[in-house]
Each structure stands twice: as C-alpha cells, then as structure tokens.
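Survey of secondary and tertiary structure
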Amino acid sequence: MEMIEEVRNLKLRHPKVEHLRLLVVGPVGAGKSTLINSIGSIFQGRLYQGALADTACDTSFTQKLQTQKIRDGESEKFLPFVISDIMGLEGSASAAGIRVDDIIMVLQGHIKDGYRFIHSEPIKRQDRSYRSNPDLHKKVHCVVLVFPADKTAMMEHDEDGVIAKMREVRKGAAELKIPQVVVMTMVDKACPEVRKDLKMIYSSKKIKEKMQECSKQLGVPMNYVYPVKNYHEETELRDDVDVLLLSALKQILTFANDHVQELDNSPTFNPLKRLSTIF
Ligand SMILES: Nc1nc2c(ncn2[C@@H]2O[C@H](COP(=O)(O)OP(=O)(O)OP(=O)(O)O)[C@@H](O)[C@H]2O)c(=O)[nH]1
Ligand SMILES: [Mg+2]
C-alpha cells in the first residue's frame, strides 16, 4: 500500500525534532488505546497491543501517560512519530477522569511518561514527573480528539459536560497553535450497513451526519474529521480497516509536520527579524 510507505518515509520538517508527537484525547472508553494499538498493528504487520485497552469501561482503564514508539515490522526501525495515550475524560459530576489542566500540561510537554493522573489535583511543579523545560519533541504536535460514532446523539445536550471539556482542550491547543483533528471511532456500531461492509462508509448518510455532528460540537472543520474502525475483535489485518486508519494517520502527520515547520520558521528563530527589532 502506497500510504504505508509515505508514512514510513516521512521527512520531519524541523531539524531538532526527533519524532512527531500525537496525543489522543477523549471520553472514557472512546477507543483511544485501541486506536493506538490498531495503528501499531498496521506497521507491525500483525495484531499488536502496545497500549492496553479494556473491554468493560466505566472509569478510565488507562491511568498513566504512556507514549508508544512504534517499530516498523519491515525495517525494524522506529517510525517517525510517537503517540501518547492518557486517561479518559469523564463528566463534570464524576470524581474520576483526567483534568483538562493536566491535558494542557501534556500538550506543553511538562508531564513525563509514567505519570499517574489524579482527578482531584493537577500535577505540581515539584512532582518528579514534572518537566520544567521540555524539548520540542516532548511537546504535542497534533491533538487527536477521539469520539465514538455511536455516542454522537448525546453531544448536543452534553448533560455530563464531557463535550465542554473536549472543547476546552481544543481551545487550549489552539492557543498553543497546535493543530487539532477528530478521529471518529466505532463506525461499525453506529451503522449496521457499515458493520456488514466497511466500504459502505463512503456512502453512508448516517456516518456523514455523525461526522457533521462531531465537527459542529467539537468545533473542528469537516475535512479534519476522520471516521475509522479500530481492530477490536479481528484476528487478522484487513485492507479495508487499514485504509481508513492510514488515511487519517497520513493527514494527522501532515498537520503535525506543518506545525513543527512553523515553529522552525517562527520569528524567535529568525535572526534577521530579531535584528530588525533591535535597530
Ligand atoms: N465495535 C468497536 N469497538 C471498539 C472500537 N474501538 C475500540 N473498541 C472497543 O471499545 C472498548 C474501549 O476501548 P479502549 O481503547 O480501551 O478505550 P479508551 O478510550 O482507551 O478508554 P480509557 O482508557 O478507559 O479512557 C474496548 O472494548 C475496545 O475493544 C471500534 O472501532 N469498534
Ligand atoms: Mg485507554
């Protein structure tokens, strides 16, 4: 597949960035960890479980910040990107789930891998998992908002407040100029025809409506909303599953790469610009 080669051979557009860093953000049980495993599986050429996922999920199964480096099964080298996994978001009445202010800290690269999130308090500067001066590749270069297609009906009224939290994260990312996209998981659960044949996704009205709902409620343009089905029950890789995941990933990496390039060209890095402010 051509897309897989493009991702393998991606050239990073900033001299000091070791790899692009993506972060998945979304409600508990949205399929964040499974998404990371699914992407890992494609490159490993077999089903892979780097980021463990859960089957019965009322509270977040993922508790710690966990970054997956993915090794390419063919070259045995690490791919030019990593994906960070975090605890899921819960409604405002819940006494569990990740805090929005902690997510913003992750975006800025202030939290080290392995940190266990605490709902009742944000990370402290004195914490040994707090990183004061993060390098560029410790910062997040694209935020992937993960939302399940079968739950879009609850977005509009947002009774528990999860959508409001996702919007806050998006706003925080926008202030940091970090690009944001939506990956809409569980398309198989949202439409029976798609469940039978994943290719129906391209013509399914139902899926399109759900993508529009995600776009509207999360404030991300339609062309930044990608529907996928994760590997959750399969025993083998499938081209139709891979294509959706890879086309989303390819776009996401392009945005992340654009972002690091902009950082390289930003005025503080430009000596001529600095001179012109001095004289
Ligand atoms: N049908 C279907 N099930 C999925 C899909 N993606 C994930 N799942 C299932 O959904 C459940 C939750 O997935 P996780 O990946 O653990 O969700 P998470 O967002 O990491 O959840 P927390 O870590 O608890 O915040 C698991 O049982 C997965 O197998 C999908 O695309 N389709
Ligand atoms: Mg998880």
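See the structure shown above.
Everything in this summary refers to the structure shown in the same document.

What counts and how
Residues numbered from 1 in each chain as written. Chains lettered and ligands numbered in written order. Predicted model: local features only at pLDDT ≥ 70, side-chain atom pairs only at ≥ 80, totals over all residues. Heavy atoms only, no water. Helix = DSSP H or I, 4+ residues; strand = E, 2+ residues; numbered from the N terminus. Rg over C-alpha atoms; globule rule 2.2 N^0.38 Å. Contact = heavy atoms within 4.5 Å. Areas by Shrake-Rupley, 256 points an atom, 1.4 Å probe, with all protein chains shown as cover. Lys, Arg positive; Asp, Glu negative; His and termini not counted. Charge placed at Lys NZ, Arg CZ, Asp CG, Glu CD. Salt bridge = Lys/Arg side-chain N within 4 Å of Asp/Glu carboxyl O. Buried < 20%, exposed > 50% of the residue type's maximum accessible area, 1.4 Å probe, protein only. Near = heavy atom within 4 Å. Polar contact = N/O pair within 3.5 Å; in protein donor to acceptor, adjacent residues only side chain to side chain. Nonpolar A, V, L, I, M, F, W, Y, C, P; charged D, E, K, R; others polar. Donors = N, O, S within 2.8 Å, 3.2 Å for Na, K, Ca; no water. Core = buried A, V, L, I, M, F, W, Y, C linked by side-chain atoms within 4.5 Å. Phe/Tyr/Trp six-rings, centres within 6.5 Å; stacked < 30°, edge-to-face > 60°. Lys NZ or Arg CZ within 6 Å of the ring centre and 35° of its normal.

When you go through the protein residue by residue, the secondary structure sums to nine helices and six strands. A compact globule built from 279 residues should have a C-alpha radius of gyration of about 19 Å, and the protein, at 19 Å, falls within 12% of that. The long-range fraction of contacts in the protein, counting pairs at least 24 apart against all pairs at least 6 apart in sequence, stands at 69%. Carbon and sulfur atoms form 50% of the exposed surface of the protein, whose accessible area is close to 14,200 Å². Between the centroid of the 40 positive side chains of the protein and the centroid of its 38 negative side chains there is a distance of 5 Å.

Scanning the model with the defined rule gives eleven salt bridges in all. Residue Lys-250 is joined to Glu-6 by a salt bridge in which the shortest nitrogen-to-oxygen separation is 3.2 Å. One end of the pair, Lys-250, is in helix α8 (residues 239-265); the other, Glu-6, is in helix α1 (residues 2-8), with 244 residues separating them in the sequence. When its relative accessible area of 36% is taken as the criterion, Glu-6 is described as partly exposed. Linking Glu-234 and Lys-229 is a salt bridge whose minimum nitrogen-to-oxygen distance equals 2.6 Å.

Turning next to the site of ligand 1. Neighbouring ligand 1 are 21 residues, the closest being Lys-32, Thr-34, Asp-54, Phe-61 and Asp-188. Contact between ligand 1 and Gly-88: an oxygen atom at 3.3 Å from a main-chain N or O atom of the residue. If ligand 1 stood free it would expose 660 Å²; the protein chains cover 93% of that surface. Mapped onto the shell around ligand 1, the elements with two or more residues apiece are α2 (32-44) and α5 (187-190). Here the shell around ligand 1 takes three residues from α2, the largest share from any one element. A per-class count over the shell around ligand 1 returns six nonpolar, ten polar and five charged.

What follows is about the coordination of the magnesium ion (ligand 2). Coordination of the magnesium ion (ligand 2) by the protein is provided by Ser-33 (OG) and Thr-62 (OG1), with metal-donor distances spanning 2.1 Å. Highlighted residues: Ser-33 in helix α2 and Thr-62 in the loop between α2 and β2 (66-71), separated in sequence by 29 residues. You can call Ser-33 buried: its relative accessible area is 8%. Exposure remark for Thr-62: the relative accessible area of 8% places this residue in the buried category.

Turning next to the side chain of Glu-234. Examined against the element boundaries, Glu-234 turns out to sit in the loop between β6 (225-227) and α8. A relative accessible area of 15% places Glu-234 in the buried class. Polar side-chain contacts of Glu-234 include one of 2.6 Å to the side chain of Lys-229. At 2.9 Å, the side chain of Glu-234 forms a polar contact with the backbone nitrogen of His-232. If we skip the residues at most four places from it in the chain, Glu-234 touches Leu-47 and Lys-229.

Next up on the list: the nonpolar core. Among the nonpolar cores identified, the biggest contains 80 residues, and Leu-22, Phe-43 and Phe-81 are the most heavily contacted of them. Beyond its immediate chain neighbours, meaning those up to four positions away, Phe-81 contacts Val-7, His-19, Leu-20, Leu-22, Ile-39, Phe-43, Ile-70, Leu-249 and Leu-253.

Looking at the secondary structure, you find Ile-111 in the loop between α3 (100-107) and β4 (142-148). In sequence terms Ile-111 and Lys-250 are 139 residues apart; their C-alpha atoms lie 26 Å from each other. Contacts of Ile-111, omitting those with residues within four sequence positions, involve Leu-65, Asp-102, Met-105, Val-106, Phe-117, Ile-123, Ser-129 and Arg-131.

Before going further, it helps to examine the packing of aromatic side chains. For the structure on display, the rule yields three aromatic pairs. Residues Phe-43 and Phe-81 carry aromatic rings whose centres are separated by 6.2 Å and whose planes lie at 70 degrees to one another, so their mutual orientation is edge-to-face. With Phe-43 in helix α2 and Phe-81 in strand β3 (residues 78-85), this pair connects stretches of sequence that are 38 residues apart. Each member of the pair, Phe-43 as well as Phe-81, carries the same accessibility label: buried. Here the aromatic rings of Tyr-115 and Phe-117 are separated by 5.4 Å at their centres, their planes lie at 85 degrees, and the arrangement is edge-to-face. Exposure class is identical for Tyr-115 and Phe-117. Each is buried. Lys-69 extends its terminal NZ or CZ atom over the ring of Phe-78, reaching a point 5.1 Å from the ring centre. Above the plane of the ring of Phe-78 lies Arg-71, whose end atom (NZ or CZ) is 4.3 Å from the centre.

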